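# Structural description and commentary
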Amino acid sequence: MIDLRSDTVTKPTPGMLAAMIASSVGDDVFGEDPTINELERHTAALFGHEAGLFVPSGTMSNQIAVRIHCRPQDEILLETTSHICLWEAGGAAALSGATCRTIDGRFGLLDVADFEGKIRPDDMHSVRTRLVCLENTHNRGGGTISSPEALNGITQWARQHGLATHLDGARIWNAIVATGVPARTWGQMFDTVSVCFSKGLGTPVGSALLGSKELIAHARRIRKLFGGAMRQAGFLAGACLYALDHHIDRLAEDHANAQLLAAAVAAVPDLKLTPPKVETNLVWFEVSERLGTARAVANRLKSEGILVAALGERVIRIVTHLDVTREQCEKAAAVIRSLGR
Ligand SMILES: *Cc1c(COP(=O)(O)O)cnc(C)c1O
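Another aspect to go through is the domain arrangement of the protein chain. Domain assignment breaks the protein chain into domain 1 (14-246) and domain 2 (250-340). The centre of domain 1, based on its C-alpha atoms, is set 28 Å off from the matching centre of domain 2. Taken together, the contact between domain 1 and domain 2 spans 20 residues of the former and 15 residues of the latter. For the domain 1 and domain 2 pair, buried surface summed over both sides reaches about 1,400 Å², with 62% attributable to carbon and sulfur atoms.

Structure follows, in structure tokens:
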């Protein structure tokens, strides 16, 4: 099977496993895991932040961020199809008592103009507008990249209005590689940044929340509250440090493979790329009624050895990653093209 459902399906490489086994560990709740301490320090420095916190998932990282920035009756401004809004099981409401005010983006992308007039009045009837969350690259938007100028415009606006800012950077690595804009530039615009090691970077587990010393000290208490404080998790952090050294530059291969698959999708009249231009490792497309439902098309591809994700009645996502080779993508592209015949 050629598994193109997600970049989370990767298994650790032999080099990564060796690095994991060789990691020095200790009890991280006591602050005594040297590998976790090194990962937190190194990742924070990469993004121009003072401190970092290792957590089990990107969802936890985002939800800790929401909790440290918001209290009950606060409101978050975020894009309608953002991960925090769509795919975190209602966490902002359930865990922080915060409401989400959604803003429709263009394939997930927003500009400062989209935020004008979105701050609630200072009135007892209203929620308090408190936090702006942005996502880069944007998953549901199609792996789209926000320009640093657009993000900077929004975060400057937020700061002027006393709002906190958080970046869901689960796939920020893809944006870094695709644009050449360094981690520090993206990171420094935001009060907090969440990054994932378990997507394109290919580790079995792990995300990090980055921010000031003060915010991360608060985040540490919330991680404990949410049950995310682990013990000898340096074995996992070892995989992340390995991935930072070995798996960032290679994302360019995933992007090139995604172009190959996007060209195959574009060649089939009954499939429509959404967005039309693929920028990173995600290829989202719609299936016309003539071909049937997304599920039916996914099943047809499965019978030919290709796994894709049907994520809506008519919507399919395919994702390139560390565990699919160029050759496998060429084969998958040929199978996709055959849908047009
Ligand atoms: C995958 C993802 C996350 C976090 O997912 P987990 O499965 O909880 O690690 C957060 N944001 C975006 C945009 C994602 O794609």
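Looking now at the site of the ligand. By nearness alone, every residue bordering the ligand is listed as Ser57, Gly58, Thr59, Asn62, His83, Glu88, Glu135, Asn139, Asp168, Ala170, Arg171 and Lys199. At 2.9 Å, a side-chain N or O of Lys199 approaches an oxygen atom of the ligand. Contact with the protein chains covers 84% of the free accessible surface of the ligand, which is 380 Å². If one sorts the elements of the shell around the ligand by residue count, helix 3 (residues 58-69) sits on top with 3 residues. Class assignment of the residues belonging to the shell around the ligand gives a composition of 1 nonpolar, 6 polar and 5 charged.

The next thing to look at is helix 13 (residues 294-302). Taken together, the buried positions of helix 13 are Ala294, Val297, Ala298 and Leu301. The buried residues of helix 13 occupy one face: seen down the axis, they fall within an arc of 100 degrees. For helix 13, the secondary structure elements touched by its buried residues are strand 10 (282-287), strand 11 (306-307), strand 12 (309-310), strand 13 (315-319) and helix 14 (326-338).

Let's shift gears to the environment of His166. Looking at the secondary structure, you find His166 in strand 6 (residues 164-169). Note on His166: relative accessible area 0%, which makes it buried. Placed 21 residues apart in sequence, His166 and Gly187 show a C-alpha to C-alpha distance of 9.6 Å. Here His166 is in contact with Asn62, Ala65, Ile84, Leu131, Val132, Cys133, Leu134, Phe190, Thr192, Val193, Ser194 and Leu209, once residues within four sequence places are set aside. At 2.8 Å, the side chain of His166 and the side chain of Thr192 are in polar contact.

Glancing now at the sheet that holds strand 6. Here we have 7 strands laid out as an open sheet, ordered 2-8-7-6-5-3-4, and mixed in their pairing. Every interior strand has two partners, whereas the edge strands, strand 2 (51-55) and strand 4 (99-103), have only one. With strand direction ignored, the average angle separating the axes of adjacent strands in the sheet is 20 degrees. Inspection of the sheet shows strand 3 (residues 74-79) paired to strand 4 by 5 bridges, in the parallel sense. Counterpart to Glu79 in the pairing with strand 4 is Ile103. The strands that helix 7 (residues 148-160) touches are strand 3, strand 5 (128-135) and strand 6; relative to strand 5, the one it contacts most, it runs at about 165 degrees.

Let us now look at the pattern of salt bridges. Taken as a whole and assessed by the stated rule, the structure comprises 14 salt bridges. Across the salt bridge formed by Arg41 and Glu38, the nearest N and O atoms sit 3.2 Å from each other. In this pair, Arg41 and Glu38 are both assigned in helix 2 (residues 34-46), 3 residues apart and thus about one turn of the helix distant. The network of salt bridges with shared partners includes Arg106, Asp111 and Asp114.

Turning next to the nonpolar core. Within the largest apolar cluster, 45 residues are counted, with the highest numbers of intra-cluster contacts made by Phe115, Val132, Ile172, Trp173, Val195 and Phe197. Ranked by residues supplied to this core, first place goes to helix 11 (residues 234-246) with 7 residues. Contact partners of Ile172, with chain neighbours within four places excluded, come to Phe47, Asn136, Thr137, Leu167, Trp186 and Val195. If you look at the next biggest cluster of nonpolar residues, it comprises 30 residues, including Ile2, Leu4, Leu273 and Leu291.

Moving on to the sheet that holds strand 13. The pairing of strands in a sheet comes from backbone hydrogen bonds and takes either a parallel or an antiparallel form. What the 4 strands build is an open sheet, ordered 9-10-13-12; its pairing is antiparallel. Only two strands of the sheet have a single neighbouring strand rather than two, namely strand 9 (271-273) and strand 12. Of the strand pairs in this sheet, strand 12 and strand 13 are connected by 2 bridges, and their pairing is antiparallel. The residue of strand 13 that forms the bridge with Ala310 is Ile316. Most of the contacts of helix 13 go to strand 13, to which it runs at about 40 degrees, and overall it touches strand 10, strand 12 and strand 13.

This next bit is on the side chain of Asp254. For Asp254, the location among the structural elements is in helix 12 (residues 251-266). Taking relative accessible area as the criterion, Asp254 reaches 0% and is therefore assigned buried. The residues contacting Asp254, other than those within four sequence positions of it, are Thr280, Asn281, Thr320, His321 and Leu322.

We now examine the packing of aromatic side chains. What the rule picks out here adds up to 3 aromatic pairs. A ring pair is formed by Phe115 and Trp157, whose centres lie 5.5 Å apart and whose planes are at 50 degrees; its orientation type is tilted. Placement of the pair is Phe115 in the loop between strand 4 and strand 5 and Trp157 in helix 7, with a sequence separation of 42 residues. The pair formed by Phe115 and Trp157 is uniform in burial state, with each residue classed as buried. Between Trp173 and Phe197, the aromatic rings sit 6.1 Å apart at their centres with planes inclined by 35 degrees, giving tilted as the arrangement. In this pair, Trp173 is assigned in helix 8 (residues 172-179) and Phe197 in the loop between strand 7 (192-196) and strand 8 (207-211), connecting sequence segments 24 residues apart. Accessibility assignment for this pair places Trp173 and Phe197 in one class, buried. An aromatic cluster is built from Phe47, Trp173 and Phe197, whose rings are joined through pairwise contacts.

The rules behind the values
- Residues numbered from 1 in each chain as written.
- Predicted model: local features only at pLDDT ≥ 70, side-chain atom pairs only at ≥ 80, totals over all residues.
- Heavy atoms only, no water.
- Domains from an automatic or database assignment.
- Contact = heavy atoms within 4.5 Å.
- Buried area = accessible area lost by both parts, 1.4 Å probe.
- Near = heavy atom within 4 Å.
- Polar contact = N/O pair within 3.5 Å; in protein donor to acceptor, adjacent residues only side chain to side chain.
- Areas by Shrake-Rupley, 256 points an atom, 1.4 Å probe, with all protein chains shown as cover.
- Helix = DSSP H or I, 4+ residues; strand = E, 2+ residues; numbered from the N terminus.
- Nonpolar A, V, L, I, M, F, W, Y, C, P; charged D, E, K, R; others polar.
- Buried < 20%, exposed > 50% of the residue type's maximum accessible area, 1.4 Å probe, protein only.
- Arc of directions from axis to C-beta.
- Pairing = 2+ DSSP bridges.
- Axes fitted to C-alpha atoms, helices over the stretch in contact; angles between N-to-C directions.
- Salt bridge = Lys/Arg side-chain N within 4 Å of Asp/Glu carboxyl O.
- Core = buried A, V, L, I, M, F, W, Y, C linked by side-chain atoms within 4.5 Å.
- Phe/Tyr/Trp six-rings, centres within 6.5 Å; stacked < 30°, edge-to-face > 60°.

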